[in-house]
Amino acid sequence: MSGEELVLRSTRVITPEGTRAASVVVSDGTIVAVRPHDAAVSTHARVEDFGDDALLPGLVDTHVHVNDPGRTEWEGFWTATRAAAAGGITTLVDMPLNSLPPTTTVANLRTKKDVAAAKAHIDVGFWGGALPDNVKDLRPLHDAGVFGFKCFLSPSGVDEFPELTQDQLAVSMGEIAGFGGLLIVHAEDPHELAAAPARSGPRYADFLDSRPRVSEDTAIEGLIAVAKRIGARVHILHLSSSDALPLIAAAKREGVRLTVETCPHYLTLTAEEVPDGASEFKCCPPIREAANQDLLWQALADGTIDCVVTDHSPSTADLKTPDFATAWGGISGLQLSLPAVWTAARARGYGLEDVVRWMSTRTAELVGLDQKGAIEAGRDADFTVLAPDETFTVDPARLQHRNRVTAYAGKTLSGVVKSTWLRGQRIVSDGEFSAPAGRLLERKN
């Protein structure tokens, strides 16, 4: 803004110290002060007064499958980042698989960056991938700025991204720990999955039986053991099994360097409500029962689970067949994650401060983006303006995702995103988008 000040004013500003009426002063894309609501404003400042709408820090989503390049008919940087912006997300970190090529070498990372650079409406970072045959590529990817490395312990669903055996996990984890990196893990045990009943057809109950909780529990138990032995920093992706929570809590008490995420669909949708044949609800690990969901919420509240991310994993509509055994597994959630979580959170007695902690502050901390995740001086001027008491009914035709298949269709949600701001610039307001202004981010240290 060439030094020109911008002042954003609201009676409900979500700050690290709590919710308060405040004026947030911005200069050159950075928050320079958080002042009292009625503080005097310099004569050259532009004032945006949002009244009683809440001013949140822009959300940081560290688990997104953009699929670009290579499977851009599933999603792409243009549509994914527009959907994110429409949902109040100002930063995302892209997963290394489902794009072609996967982000498993520095050359492949460059390819992805070249594609993303002109299309990003929000800031974008990248995860690398840990495969059985790319241990030699891990440090170069780390040096090139990826935020960490994803691996699978069971088949990923795409041939170009194979899973790690337990021995390979230890080798990759040791390499990553050696340079202080982060390993993020899809934790389902392949032996438990192979032993589970496998039935084709439209019954959700059959699909749920095929991905039992024990597959997560066993994989997490083994992961914790290896991380403890090596002293590595590890992160459990998309936790759905509440049975694993005692293992996780115990590991944290013992000092294992462990963090855990869950997703909006596990917190807001239940197995009991999934209609047979409705594979828009299919994901792996699966949406489980309401009693399981209650325990996930308790674990968020007590810190056993650290954060909430979308695991946005779209596909074309034709891959969402009525047969749960063969349908593509993935929930599209970028545009709806904030209202979905807020709707469920407020019903359980949580506030916007909690939602911001789970979906912005802690996700930014996970990947070391200390300029994101809070409204305080020195941070990027990334904001979401939310009308928390307004409601809307989800109409797939109004979504920005490339493929508008959604498990939330027809649901009434609370929390309407009025506008989204990136480094002091309004990038979306009432459905109108600015030109792409996102930057490509790299890990700082």
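A brief look at the structure comes next. (Residues numbered from 1 in each chain as written. Predicted model: local features only at pLDDT ≥ 70, side-chain atom pairs only at ≥ 80, totals over all residues. Heavy atoms only, no water.)

## Digging into the sheet that holds strand β12 (residues 233-236)
Turning to step 1, where the next piece is worked out: The strand order across the open sheet formed by 6 strands is β9-β10-β11-β12-β13-β14, and the pairing between neighbours is parallel. Strand pairing shows two members of the sheet lacking a second neighbour, β9 (128-129) and β14 (307-308), which therefore form its edges.
Turning to step 2, where the next piece is worked out: Pairing of β12 with strand β13 (residues 257-262) involves 4 bridges; the strand directions are parallel. Among the inter-strand pairings, Arg-233 is bridged to a residue of β13, identified as Arg-257.
Turning to step 3, where the next piece is worked out: Taken strand by strand, helix α4 (residues 166-178) contacts β10 (149-152), β11 (182-186) and β12, and its axis lies near 150° from that of β11. (Pairing = 2+ DSSP bridges. Helix = DSSP H or I, 4+ residues; strand = E, 2+ residues; numbered from the N terminus. Contact = heavy atoms within 4.5 Å. Axes fitted to C-alpha atoms, helices over the stretch in contact; angles between N-to-C directions.)

## Examining the state of the cysteines
Turning to step 1, where the next piece is worked out: In total, this model carries 0 disulfides according to the counting rule given.
Turning to step 2, where the next piece is worked out: Free of any disulfide, Cys-263 has its nearest cysteine sulfur in Cys-283, 7.6 Å distant.
Turning to step 3, where the next piece is worked out: With no disulfide of its own, Cys-284 has Cys-283 as its nearest cysteine by sulfur position, at a separation of 6.8 Å. (Disulfide = S-S within 2.5 Å.)

## Let's talk about the packing of helix α11 (residues 337-347) against helix α12 (residues 352-366)
Turning to step 1, where the next piece is worked out: Closest axis-to-axis distance for the α11/α12 pair is 10 Å, and the angle between their directions is 135°. Classified by the angle between their axes, α11 and α12 sit oblique to one another. Crossing of α11 against α12: the hand is right-handed. Between α11 and α12, the contacting residues are Ser-337, Leu-338, Val-341, Trp-342 and Ala-345 on the first element and Leu-352, Val-355, Trp-358 and Met-359 on the second. (Parallel < 35°, antiparallel > 145°, perpendicular 65-115°, else oblique. Left-handed = near helix turned anticlockwise from the far one by under 90°.)

## Points about the packing of aromatic side chains
Turning to step 1, where the next piece is worked out: Taken as a whole and judged by the stated rule, the model has 11 aromatic pairs.
Turning to step 2, where the next piece is worked out: Clustering of aromatic rings is evident, with ring pairs tying together Tyr-204, Phe-207 and Phe-324.
Turning to step 3, where the next piece is worked out: Geometry around Trp-74 places Arg-71 over its ring, the cationic atom sitting 5.3 Å from the centre. (Phe/Tyr/Trp six-rings, centres within 6.5 Å; stacked < 30°, edge-to-face > 60°. Lys NZ or Arg CZ within 6 Å of the ring centre and 35° of its normal.)

## Quick look at the sheet that holds strand β6 (residues 59-64)
Turning to step 1, where the next piece is worked out: The strand order β6-β7-β8 describes an open sheet built from 3 strands, whose pairing is parallel. In this open sheet, the two strands that pair with only one neighbour each are β6 and β8 (123-126). Sheet twist, expressed as the mean angle between neighbouring strand axes with direction ignored, is 20°.
Turning to step 2, where the next piece is worked out: Relative to strand β7 (residues 89-94), β6 runs parallel, the two sharing 4 bridges. Across the sheet, the residue bridging to Val-64 is Asp-94, located in β7.

## Quick notes on the packing of helix α7 (residues 213-230) against helix α8 (residues 245-253)
What describes two packed helices is the angle between their axes and the distance between those same axes.
Turning to step 1, where the next piece is worked out: For the pair α7 and α8, interaxial distance at closest approach is 10 Å and the crossing angle is 10°. One way to sum up the angle between α7 and α8 is to call them roughly parallel. Here the hand of the crossing between α7 and α8 comes out left-handed. Contacts between α7 and α8 involve Asp-217, Ile-220, Glu-221 and Ile-224 from the former and Leu-247, Ile-248 and Ala-251 from the latter.
Turning to step 2, where the next piece is worked out: Here the contact of α7 with α8 is built from residues that sort into 5 nonpolar, no polar and 2 charged. (Nonpolar A, V, L, I, M, F, W, Y, C, P; charged D, E, K, R; others polar.)

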